[in-house]
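Residues per chain are reported as follows:
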Amino acid sequence: MADRVDGRPAAPTESTIRDWDDADPSGQTYRRVLFVDSDLTEVENRGAVFEECTFRGVRFNASTHTDAAFVNCTFVRCSLFDTTFTRCKFVGSFFADCAHSLMKVSGGDWSFTGLPGANLKGAEFTGVKLREADLTGVRAPKAVLRDLDLSGAMLQKADFTGADLRGSDLSTLDPLTVVLKGARIDITQAMVVAAALGLDVRP
């Protein structure tokens, strides 16, 4: 629970850290901290916990995050170019106007995460839990989106042109509201999509 003052949530504390070359977030816990224009380029973060933090204009370029948690955090105009997240937790976090080029996500829980309209071109998500995530209008041409738990996820108006969707849960996907040209899917997914189109699938 966030710290409270007179029964009200305390205002976020702004971090004075701008360049993380000499600051190691590994194993640290940050609660309701505002990070503005900080540079986390090439930082190696193992196990840090960020709760209800806001990252504004932060550069995560080429950084690696393993077994870390970003719970109920907000990312605004951040650069996540070539950033790697392994077994990280992003439950309830929200991304707005961020750059995700070449971002790699392996495992972890991103349930209830908001990525509406995100440009995920060339990004890689593998084995990630994205239950009830808001992926409305995401642009993911040629992205790797394999073995994802997308149960309950919002996928309307998403562009999956040329994306690799094999092994992912497409039960909430409406093929009439998304772009699937050239997307790669497996046989089981093909049956799900065909059924969603009202086709009578038989052996």
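Here the structure is a predicted model, which is why all the values come from computation and not from measurement. (Residues numbered from 1 in each chain as written. Predicted model: local features only at pLDDT ≥ 70, side-chain atom pairs only at ≥ 80, totals over all residues. Heavy atoms only, no water.)

K.L.:
Sorry if this is basic, but what is going on with the sheet that holds strand β7 (residues 49-51) here?
P.N.:
Pairing between the strands of a sheet is mediated by backbone hydrogen bonds and can be parallel or antiparallel. Ordered in space as β4-β7-β10, the three strands form an open sheet in which the pairing is parallel. Two strands bound the open sheet, and with one partner strand each, they are β4 (29-31) and β10 (69-71). Each strand of the sheet is rotated relative to its neighbour by a mean of 5°, with strand direction disregarded. Sheet topology note: the β7/β10 ladder contains three bridges and is parallel. The partner of Phe50 across the bridge, within β10, is Phe70. (Pairing = 2+ DSSP bridges. Helix = DSSP H or I, 4+ residues; strand = E, 2+ residues; numbered from the N terminus. Axes fitted to C-alpha atoms, helices over the stretch in contact; angles between N-to-C directions.)

K.L.:
Can you walk me through the sheet that holds strand β9 (residues 64-66) in this structure?
P.N.:
Strands sit in the order β6-β9-β12-β14-β15-β16 across an open sheet of six strands; the sheet is parallel. Every other strand in the sheet has two partners, leaving β6 (44-46) and β16 (144-146) as the edge strands with one partner each. Geometrically, the sheet is characterised by an average inter-axis angle of 5° between neighbouring strands, direction not taken into account. Where β9 and strand β12 (residues 84-86) come together, three bridges link them in parallel fashion. Within β12, the position partnered with Thr64 by the bridge is Thr84.

K.L.:
Please explain the packing of aromatic side chains as it appears in this structure.
P.N.:
Aromatic ring pairs are defined here through the distance separating the ring centres and the angle between the ring planes. Per the stated rule, a full pass over the model turns up 21 aromatic pairs. Aromatic pair Phe35 and Phe50: ring centres 5.9 Å apart, planes at 70°, arrangement edge-to-face. Residue Phe35 is found in strand β5 (residues 33-36), and its partner Phe50 is found in strand β7; the two are separated by 15 residues along the sequence. Since its relative accessible area comes to 1%, Phe35 is described here as buried. (Phe/Tyr/Trp six-rings, centres within 6.5 Å; stacked < 30°, edge-to-face > 60°. Buried < 20%, exposed > 50% of the residue type's maximum accessible area, 1.4 Å probe, protein only.)

K.L.:
What should I look at first to understand the side chain of Gln189 in this one?
P.N.:
Examined against the element boundaries, Gln189 turns out to sit in helix α1 (residues 187-196). A polar contact of 2.6 Å, which involves the side chain of Gln189, links it to the backbone oxygen of Leu165. If we skip the residues at most four places from it in the chain, Gln189 touches Leu165, Arg166, Gly167, Ser168 and Leu170. (Polar contact = N/O pair within 3.5 Å; in protein donor to acceptor, adjacent residues only side chain to side chain. Contact = heavy atoms within 4.5 Å.)

K.L.:
How should I be thinking about the pattern of salt bridges in this particular structure?
P.N.:
Note that side chains of opposite charge can pair when their charged atoms are close. This structure, assessed with the given rule, holds six salt bridges. Its salt-bridge partner being Arg131, residue Asp149 comes within 2.5 Å of it at the nearest N-O pair. Taken together, the positions of Asp149 in the loop between β16 and α1 and Arg131 in the loop between β15 (124-126) and β16 put the pair 18 residues apart, joining distant regions of the chain. (Salt bridge = Lys/Arg side-chain N within 4 Å of Asp/Glu carboxyl O.)

K.L.:
Honestly, the state of the cysteines in this entry has me stumped. Any pointers?
P.N.:
Here a disulfide denotes one covalent bond, and it connects the sulfur atoms of two cysteines. The final tally for this structure, using the stated rule, is zero disulfides. Here Cys78 is not cross-linked by a disulfide; its sulfur's nearest cysteine counterpart is in Cys98, at 4.6 Å. (Disulfide = S-S within 2.5 Å.)

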